[in-house]
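For reference, the chains in residue letters:
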Amino acid sequence: MCNIRLLLPFLVCLILIGYTKICGAESGKMGHTVIIFSGHVSEPSSKVDNMGAESYAGIFEYEFNDAVVRYFEDESNRVPGIHYEVVPASRNIGLHERVEYANRIVPDLYLEIHHDAAQAEDIERARQDGEGSPLWNDMSGFSVHYSESNPFSEKSKTFAQVFADKMLRAGFKPNLYHADTEKMTCIDRSKGIYNRINPGGLYVLYNIKSPAAVIECGTIINPHEEKLLSLEDTRQKIAHAINRAIVRFFEIEDEDSLRSYLKY
Ligand SMILES: [Zn+2]
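Note that this is a predicted model, so its numbers are computed, not measured.

Each value, and the rule that gives it
Residues numbered from 1 in each chain as written. Predicted model: local features only at pLDDT ≥ 70, side-chain atom pairs only at ≥ 80, totals over all residues. Core = buried A, V, L, I, M, F, W, Y, C linked by C-beta atoms within 7 Å. Buried ≥ 20, exposed ≤ 12 C-beta atoms within 10 Å, placed from the backbone. Helix = DSSP H or I, 4+ residues; strand = E, 2+ residues; numbered from the N terminus. Contact = placed C-beta atoms within 7 Å. Pairing = 2+ DSSP bridges. Axes fitted to C-alpha atoms, helices over the stretch in contact; angles between N-to-C directions. Parallel < 35°, antiparallel > 145°, perpendicular 65-115°, else oblique. Left-handed = near helix turned anticlockwise from the far one by under 90°. Nonpolar A, V, L, I, M, F, W, Y, C, P; charged D, E, K, R; others polar.

**A short note on the nonpolar core**
Ranked by internal contacts, the top residues of the largest apolar core, which has 57 residues, are Leu111, Phe163 and Ala213. Ranked by residues supplied to this core, first place goes to helix 9 (residues 232-263) with 8 residues. Ignoring anything within four residues of it in the chain, the contact list for Leu111 reads Val34, Ile35, Ile36, Ala213 and Ile215.

**Re the sheet that holds strand 3 (residues 109-116)**
Ordered by their spatial adjacency, 7 strands build an open sheet running 2-1-3-7-4-6-5, and the pairing between neighbours is mixed. Taken across any chain shown, the strands that pair with only one partner, and hence form the sheet edges, are strand 2 (82-87) and strand 5 (186-188). Strand after strand, the sheet turns through a mean of 25 degrees between neighbouring axes, direction not considered. Pairing geometry for strand 4 (residues 143-146) and strand 6 (residues 193-195), over 3 bridges, is parallel. Bridge pairing in strand 6 links Tyr146 to Asn195. Packing against the sheet, helix 3 (residues 95-105) makes contact with strand 1 (32-38), strand 2 and strand 3, and its axis sits at approximately 170 degrees to strand 1.

**A word on the pairing of strand 7 (residues 212-219)**
One face of the sheet, then the other: side chains in a regular strand alternate in exactly this way. Taking burial as the measure, the 8 residues of strand 7 include 8 buried ones, the bulk of the element. The pairing of strand 3 with strand 7 spans 6 bridges and is parallel. Its bridge partner lying in strand 7, His114 is registered against Glu216. By the bridge criterion, 3 bridges tie strand 4 to strand 7 in an arrangement that is antiparallel. Considered in strand 7, the bridge of Val144 is made with Ile215.

**Some words on the packing of helix 5 (residues 153-169) against helix 9**
When two helices pack together, their arrangement is given by the angle between the helix axes and by the axis-to-axis distance. Put simply, helix 5 and helix 9 touch, their axes get as near as 8 Å, and they point 140 degrees apart. Regarding the angle of helix 5 to helix 9, the classification is oblique. Here helix 5 runs over helix 9; the crossing is right-handed. Counting all contacts with helix 5, which are made through Thr158, Phe159, Val162, Phe163, Lys166 and Met167, the residues of helix 9 involved are Ala241, Ile242, Arg244, Ala245, Arg248, Phe249 and Ile252. Here the residues of the contact of helix 5 with helix 9 are counted per class, giving 9 nonpolar, 1 polar and 3 charged.

Shown next, in the form of structure tokens:
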């Protein structure tokens, strides 16, 4: 008599082969496209576009964003089977144009890389107190932003959760300044995940017709964190966290697709 436990892996394989043939997917992460945009532009040509925050040492944010984004320009830093569209700030694609750009490609995931600031008066107070001021502790950490107004808000939130997990595991701390001082909607304080609903929404997040997240890698107006974020080692850790999150996100996506395929 045949043993059903021995046959089970074989049956699962058959179902998976059937599923991938029907859905046109080769396997797991294959066939997915990710757009990774560097936040801001290097040469602003309109009022809505700028070079981003200015770090404690006076370096514009787009340079920090580009330093992380550049990792994904290198084929050896890409996850095999995933198609990356990498757009550095030097392409000078403004806010409205980047939404049009993304909606033409319709990626499976849209990511925008940023580095964070704080309110001018808080920065000024801490600056006057000096580099050793405890006030800098309040303006520190990474965060990840999605919007429930995005047509794929649940998927966007899933990516945010997965990414935050990878960053925490890599030793980064969440930013709570946005929640405590700016009263943004933080859905998980332990992970620094923000739902950007209006007022205070982010144009890209609710206009892009794909799952989307804005990543604030860290806080560059904080002198201590700026030094860390300038290190190649830190930038590599962030890029690895992004890649690990992309892989996990598509695994979850594919598991969900398989589950709904098996249901019908
Ligand atoms: Zn920014």
